[in-house]
Structures are given as structure tokens and as C-alpha cells.
Amino acid sequence: MELRRPRSLFEPSPRRTRGRLIPHDRMRLAALLGAVLLSIFLTGKAHAEFTVCNQTLDVVNLAVGQKVDDADQTDGWWTIGANQCVNVIREELTNRYIYIYATDVFGHAILAGSTEMCIDRRRFSIRGIDECWQRGHIAARFVEVDTQEQVRWTYFLTGTSP
């Protein structure tokens with residue numbers, strides 16, 4: 001009577017024959033490589049056109065203002081962790097000037113801007129920058145970012161005004 005001993009973790013799998021893959025393993029490997037290559041080629045075109053990178057040690061909340069269809073519009077909020085970046089505008093920039101407003105987690109402004117625009121306490125998209133209070137919004141001072149008419153721009157938030 002022959003006793004079978006348990007296979008060690010260091011012994012090759014019975015499915016392998018002297019370092020060669022059997023056809024079933026080759027098919028799995030080919031499918032995996034195909035999926036990886038496909039994902040690389042499909043994501044090659046996706047990129048943000050206006051990105052804000054938070055180089056502070058704090059989490060910040062960000063609002064953005066820009067011209068949309070010849071009207072001023074503000075949108076918010078994006079939450080950006082310390083040393084992270086967020087893609088804010090995903091299409092190529094058509095405006096030379098983009099406006100940003102950032103607060104800490106307590107709601108205190110961390111940039112000293114000079115352009116007054118409207119924000120709200122919760123997620124928002126507001127058309128127009130006049131009469132914020134009368135329309136039920138909050139007036140905030142946004143920093144003007146000159147993108148120099150580039151189609152892509154990255155703004156580095158350092159906690160001090162530019």
C-alpha cells in the first residue's frame with residue numbers, strides 16, 4: 001500500500017509540465033495581456049484640461065468660475081486631499097481666465113481673491129455673478145488664473161495666494 005504525501009507549496013502544480021504552460025494557461029495569459037493592452041490604448045486620449053493640485057497639508061474644497069455660453073458660471077464643490085490633484089474642467093479650455101475659490105474643511109477661505117462670484121453651501125452650478133445675496137447665494141472672492149490662452153492648465157494650490 002502506497003501512502004500519498006501532501007504536496008508542498010514549493011512543488012510545481014500538477015497542471016504544469018516541466019516549466020511549460022498547458023494550453024488552458026496560455027489562453028488565460030493571452031486574455032490577460034489583451035485586456036491590459038486594450039485598457040492602455042483606450043485610456044490614452046483621456047486627460048483633463050484644467051487641473052488643480054493641492055500641495056498643502058490640508059483637505060480643501062474648491063469652486064471654479066468661468067464663462068459658459070457668454071455668461072459667468074460658478075460650479076462647486078470638489079474636495080481635494082493633501083498632495084492630490086483633481087480634474088476640474090475636462091474639455092479643452094476656451095477661456096483665458098479661470099476663477100477658483102478654495103476653503104479649508106471649516107469653510108474658511110484659503111485664497112485671497114479679488115473677483116466676486118457666487119457660491120452655495122452645497123454642490124452648485126450658478127449662472128451669473130451679480131446680486132448673489134438677493135438670489136439666495138453667498139458672495140465669495142475668487143482668484144483669477146491666467147491660463148495664457150493654453151488649452152490645458154494645471155494650478156498648484158500652495159496655501160498662499162499667487
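Caption draft 1: View of the state of the cysteines. Inspection of every chain in the model, using the stated rule, returns 2 disulfides. Two residues share a disulfide in this structure: Cys 53 and Cys 85, whose sulfurs sit 2.0 Å from each other. With the S-S bond torsion at 105°, the cross-link from Cys 53 to Cys 85 turns out right-handed. Here Cys 53, found in strand β1 (residues 50-54), pairs with Cys 85, found in strand β4 (residues 84-89); they are 32 residues apart in sequence, far enough to count as distant. Relative accessible area serves as the criterion here: at 47%, Cys 85 is assigned to the partly exposed category. Between the sulfur atoms of Cys 118 and its disulfide mate Cys 132 the distance is 1.9 Å. Judged by the torsion about the S-S bond (-90°), the Cys 118/Cys 132 disulfide is left-handed. On the criterion of sequence distance, the pair formed by Cys 118 in strand β6 (residues 115-119) and Cys 132 in the loop between β7 (124-127) and β8 (138-146) is long-range, its members being 14 residues apart. Judged on exposure class, the residue Cys 118 and its partner Cys 132 are both buried.

Caption draft 2: Representation of the environment of Arg 127 within the structure. As for its placement among the helices and strands, Arg 127 is situated in strand β7. For Arg 127, a relative accessible area of 40% translates into the label partly exposed. As for Arg 127 and Val 68, which are separated by 59 residues in sequence, their C-alpha atoms are 8.6 Å apart. What Arg 127 contacts, discounting residues up to four positions off in sequence, is Val 68, Asp 69, Ala 71, Asp 72, Gln 73 and Arg 135. There is a polar contact of 3.0 Å between the side chain of Arg 127 and the side chain of Gln 73.

Caption draft 3: Local environment of the nonpolar core. In this structure, Phe 50, Val 52, Leu 62, Val 88, Ile 100 and Tyr 155 are the most contacted members of the largest nonpolar core, which totals 18 residues. Of all elements in the fold, only β1, β2 (60-68), β4, β5 (97-103), β8 and β9 (153-157) reach the threshold of two or more residues within this core. Excluding its chain neighbours within four sequence positions, the residues that come into contact with Val 52 are Leu 62, Ile 80, Gln 84, Cys 85, Val 86, Val 88, Tyr 155 and Leu 157. Ranked by size, the runner-up nonpolar core spans 13 residues in total, among them Tyr 99, Met 117, Phe 124 and Ile 126.

Caption draft 4: Representation of the pattern of salt bridges. Under the counting rule described, the total for this entry stands at 4 salt bridges. The partner of Asp 72 in a salt bridge is Lys 67, with the nearest N and O atoms 3.2 Å apart. For Glu 116, the salt bridge identified is with Arg 141, shortest N-O distance 3.9 Å. Residue Glu 116 is found in strand β6, and its partner Arg 141 is found in strand β8; the two are separated by 25 residues along the sequence.

Basis of the calculations
Residues numbered from 1 in each chain as written. Predicted model: local features only at pLDDT ≥ 70, side-chain atom pairs only at ≥ 80, totals over all residues. Heavy atoms only, no water. Disulfide = S-S within 2.5 Å. Helix = DSSP H or I, 4+ residues; strand = E, 2+ residues; numbered from the N terminus. Buried < 20%, exposed > 50% of the residue type's maximum accessible area, 1.4 Å probe, protein only. Contact = heavy atoms within 4.5 Å. Polar contact = N/O pair within 3.5 Å; in protein donor to acceptor, adjacent residues only side chain to side chain. Core = buried A, V, L, I, M, F, W, Y, C linked by side-chain atoms within 4.5 Å. Salt bridge = Lys/Arg side-chain N within 4 Å of Asp/Glu carboxyl O.

Interpretation note: all reported values are geometric properties and have no functional meaning in isolation.
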